[in-house]
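# Structure assessment
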Amino acid sequence: MEFSEKALVLRVGRFREIDAWVRLFSPSRGAYTAFAFGGCRSRRRFCGCLDVFNLVQFKVKTGRGYHTLLEGRLLNGHGRLRAEPARLGMAVNCLKFFEAMEVGASGARAAHALLVETLETLAAEPAPPSPFPLYFRARLAGDQGFLPSLAACHGCGRPGSEFSGAVFHVEEGRLLCPACPRPARGTVVRIGRDVVELVSDVCRARPAQWAGFAPSPGAAGEFSRLLDRFVTYHLGLTWEHGTFVRN
Ligand SMILES: [Zn+2]
C-alpha cells in the first residue's frame, strides 16, 4: 500500500553507506520510523528532505511490517534555525521534549500543528525570548491533557484573578489559594498571580504570540520551577546531558 502525507523529520540516521532511517511525526499517524533506501545519495527523490526540522510531503510504501520512503518534497526546511546556535538550541530543546512525550495517535494532529507552528515561529522571530522552550512544554502538556487548568483554586473554586500568593501542589496537581489548607505532605511551589496568568496565556495563545509575553525575572523563575517539578513528577522526564530522559 502507498500513501502520501506531510510529516516532520525528528531524527535521521545512516546505515549501509547510502541508506537512511528517518524518525517522522505526521498528523494522522504520530511518530513512526521509515527507511529511505538510497536516501543519502538520491538528489532526485529526496533533495534536501532528510534533515531534522524539515516538514516534508513524503510518498510512503507500507508492507512487511515496515515503512519505506519512496520520495519527498520539501515544504519547509526552517533554515534559519540552523544558522544561529541560540535559536537552534531552543528548537532542539522543544524537539527533544516533543519526542520524550511520546504523543499517541489520538493527540497527534494537535501536537503536530503545535510543533510546526513553534518551529516556524522560532525561525521567523527576530529575537525569540529565552523561556520559549518552557512555553512549548507547558502548552504541549496542556494540549495533551497533562497540565491542570490554573483558572481557579482547586480547593474553593475562587477565580485565579482574585487572589495572589497561591501554591501549586505538585504531586496532586492542584492550585491552592492562600485561604485553603495545604496538604501536610508533598512538594508545594509558590506561584504568584502573574505566573497563574502566564500559564493560562501560554496555553491559550498561539506560539507566534509568545514573544509578546514579558514576565519579570521572578515570574519567569517561578514558571520554570513549576514546569520542572511538574514535568519531572507527572511525565517522569528530566533534562540531562542535552536530552530528556525518563526517570
Ligand atoms: Zn481556595
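Residues numbered from 1 in each chain as written. Predicted model: local features only at pLDDT ≥ 70, side-chain atom pairs only at ≥ 80, totals over all residues. Heavy atoms only, no water.

## With respect to the packing of aromatic side chains
The full count for this structure, using the stated rule, is 12 aromatic pairs. A ring pair is formed by Phe35 and Tyr66, whose centres lie 5.8 Å apart and whose planes are at 70°; its orientation type is edge-to-face. You can see Phe35 sitting in strand β3 (residues 30-36) and its partner Tyr66 sitting in strand β5 (residues 66-76), a full 31 residues away along the chain. Phe35 gets classed as partly exposed once you look at its relative accessible area, which sits at 26%. With relative accessibility at 32%, the residue Tyr66 sits in the partly exposed group. (Phe/Tyr/Trp six-rings, centres within 6.5 Å; stacked < 30°, edge-to-face > 60°. Helix = DSSP H or I, 4+ residues; strand = E, 2+ residues; numbered from the N terminus. Buried < 20%, exposed > 50% of the residue type's maximum accessible area, 1.4 Å probe, protein only.)

## Remarks on the domain arrangement of the chain
The domains assigned to the chain are domain 1 (2-76) and domain 2 (83-246). Counting residues at the interface gives 15 residues for domain 1, matched by 15 residues for domain 2. Both faces considered, domain 1 and domain 2 share a buried interface measuring about 1200 Å² in area, 74% of it formed by carbon and sulfur atoms. Sorting the residues of domain 1 by area buried against domain 2 places Phe25, Pro27 and Phe53 first, and these three jointly supply 49% of that buried surface. Across the domain 1-domain 2 interface, the total number found is one salt bridge. Measuring nitrogen to oxygen at the nearest pair gives 3.0 Å for the salt bridge that ties Arg11 to Glu99. Connecting domain 1 to domain 2 are two residue pairs in polar contact (both at pLDDT 80 or more). Elements represented by at least two residues in the side of domain 1 that touches domain 2 include exactly β1 (2-15) and β2 (19-26). (Domains from an automatic or database assignment. Contact = heavy atoms within 4.5 Å. Buried area = accessible area lost by both parts, 1.4 Å probe. Salt bridge = Lys/Arg side-chain N within 4 Å of Asp/Glu carboxyl O. Polar contact = N/O pair within 3.5 Å; in protein donor to acceptor, adjacent residues only side chain to side chain.)

## Overview of the side chain of Thr118
Mapping Thr118 onto the fold places it in helix α4 (residues 108-124). Not counting residues up to four positions away in its chain, the partners in contact with Thr118 are Cys94, Phe132, Phe136, Pro207 and Trp210.

## Brief notes about the coordination of the zinc ion
Within the first shell, the zinc ion binds the protein through Cys153 (SG), Cys156 (SG), Cys177 (SG) and Cys180 (SG), at distances of 2.3 to 2.4 Å. Around the zinc ion sit four donor atoms, and with donor-metal-donor angles ranging over 106 to 114° the site reads as tetrahedral. Mapping the donors of the zinc ion onto the primary sequence gives the spacing C-x2-C-x20-C-x2-C. Here Cys156 is found in the loop between α5 (132-143) and β6 (166-169), whereas its partner Cys177 is found in the loop between β7 (174-176) and β8 (188-191), with 21 residues between them in sequence. (Donors = N, O, S within 2.8 Å, 3.2 Å for Na, K, Ca; no water. Tetrahedral: all angles 85-135°; square planar, octahedral: opposite > 155°, others 65-115°.)

## Focus on the pattern of salt bridges
Scanning all chains against the criterion turns up 12 salt bridges. A salt bridge links Arg204 to Asp201; its shortest N-O distance comes to 2.9 Å. With Arg204 and Asp201 both in helix α6 (residues 193-204), this residue pair falls three residues apart, about one helical turn. A relative accessible area of 63% means that Arg204 is categorised as exposed. Classification of Asp201 by relative accessible area gives partly exposed; the value is 28%.

## A closer look at α6
Taking 1.5 Å of rise per residue, 12 residues should cover 16 Å, and α6 covers 17 Å from first to last C-alpha, within 8% of that figure. By the burial criterion, the buried members of α6 are Val195, Val196, Leu198, Val199 and Val202. Take α6 and look down its axis: the buried residues cluster within an arc of 160°, on one side only. Buried residues along α6 sit against α5, β7, β8, α7 (207-210) and α8 (217-234). (Expected span 1.5 Å × (residues − 1). Arc of directions from axis to C-beta.)

## Section: the sheet that holds β5
Strand order in the closed barrel made by the five strands is β1-β2-β3-β5-β4, with mixed pairing throughout. Sheet twist, expressed as the average angle between the axes of neighbouring strands with direction ignored, equals 50°. Relative to β3, β2 runs antiparallel, the two sharing seven bridges. Looking at β3, one finds that Phe25 is bridged to Ala31. Sitting on the sheet, helix α3 (residues 85-101) is in contact with β1 and β2, with an inclination near 110° to β1. With respect to the sheet, α4 is in contact with β1, β2, β3, β4 (55-63) and β5, its orientation differing from that of β1 by roughly 60°. (Pairing = 2+ DSSP bridges. Axes fitted to C-alpha atoms, helices over the stretch in contact; angles between N-to-C directions.)

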